[in-house]
Amino acid sequence: MAFGTKLYSQAPNANTAYFVAKAYQSLKDGQNFLTWAERTIKHDPNNLDMLTELITMYWQMQDMNQAASYAQRALQIVQTAKKPEGVTQEQWTLKSNQLKSFALGAIGEKAYVNNDVATAAKNFDAAVKANKRNDFAHYRLGFLFWRGGRTDEACMSFAKAFVLDGSTSQDARKQLYDLQQQTRGNTKGAAAIIQQARDSMK
């Protein structure tokens, strides 16, 4: 660490900043990681890997203004980014779509916490179109559809979040069953909805 910071002070550049940022990240030193990650982006504004890390870190800190700001930058870059050498077109398409979906989710979450329903729905919908396996986007869409009275779509969104088995899975299942109980008076149809959601992920 000391070597990297000294080297950077002598010759500031993206590679050294990236090395120091990753070292602090491995030590779970979030504040120093952010400092050096932002220095990396200052030197190399098109560094998608570091932009993704910054989105993730600020999202974890619930600083959605910063997360969404970096997400907007990442979206702009990935739209025109060229396929890296040594990566197949199929691999690059998958990775770029996952990044688009993640960035759109961050922008959607900023809108969601600020109660901007239309913007949140637009971005979460775009997120699942870019990557249908974005469980968090499906989860948020469940609440947005529910709020808009679109209960069938809400149930399917919660079911998709459940079958993708991410961090929202168990609560998504609970929301699905609660919504079925409220709208149908029973939960008999939940299993069929879950199966449809599972089939849609194949």
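Look a little higher up for the structure.
What you see is a predicted model; the values in this text were computed from it and never measured.

All right, on to the packing of aromatic side chains then. Following the criterion strictly, the structure yields 10 aromatic pairs and no others. Aromatic side chains phenylalanine 124 and phenylalanine 136 sit 6.2 Å apart centroid to centroid with 65 degrees between the ring planes, which places their arrangement in the edge-to-face category. Taken as a pair, phenylalanine 124 in helix H7 (residues 117-130) and phenylalanine 136 in helix H8 (residues 135-147) lie far apart in primary sequence, 12 residues in all. For phenylalanine 124, a relative accessible area of 0% puts it in the buried group. Put simply, the rings of Trp59, Phe102, Phe124, Phe136, Tyr139, Phe143, Trp146 and Phe158 touch in pairs and so form one group of aromatic residues.

It is at 7 Å that the axes of helix H9 (residues 151-163) and helix H10 (residues 169-184) come closest, and there the two elements cross at 155 degrees. One finds that H9 runs roughly antiparallel with respect to H10. Along this stretch, H9 crosses H10, giving a crossing that reads as left-handed. For the pair formed by H9 and H10, the contact residues are Thr151, Asp152, Ala154, Cys155, Phe158, Ala159, Ala161 and Phe162 on the first element and Ser169, Gln170, Ala172, Arg173, Gln175, Leu176, Leu179, Gln180, Thr183 and Arg184 on the second.

We now examine the pattern of salt bridges. A complete count under the given rule lists 8 salt bridges for this structure. A salt bridge links lysine 95 to aspartate 49, with the shortest nitrogen-to-oxygen separation between them at 3.6 Å. Remark: aspartate 49 occurs in helix H4 (residues 48-60) and lysine 95 occurs in helix H6 (residues 89-113); sequence separation between them is 46 residues. Where lysine 174 meets aspartate 178, a salt bridge forms, and the shortest distance between an N and an O atom there is 2.8 Å.

So, about unusual backbone geometry. Of note in the backbone geometry, lysine 28 takes a positive phi value of approximately 60 degrees without being a glycine. Unlike most non-glycine residues, glutamine 62 shows phi in positive territory, near 65 degrees. Positionally, glutamine 62 belongs in the loop between H4 and helix H5 (64-80).

Rules of the game
- Residues numbered from 1 in each chain as written.
- Predicted model: local features only at pLDDT ≥ 70, side-chain atom pairs only at ≥ 80, totals over all residues.
- Heavy atoms only, no water.
- Phe/Tyr/Trp six-rings, centres within 6.5 Å; stacked < 30°, edge-to-face > 60°.
- Helix = DSSP H or I, 4+ residues; strand = E, 2+ residues; numbered from the N terminus.
- Buried < 20%, exposed > 50% of the residue type's maximum accessible area, 1.4 Å probe, protein only.
- Axes fitted to C-alpha atoms, helices over the stretch in contact; angles between N-to-C directions.
- Parallel < 35°, antiparallel > 145°, perpendicular 65-115°, else oblique.
- Left-handed = near helix turned anticlockwise from the far one by under 90°.
- Contact = heavy atoms within 4.5 Å.
- Salt bridge = Lys/Arg side-chain N within 4 Å of Asp/Glu carboxyl O.

Any link to function would need more than the numbers given here.
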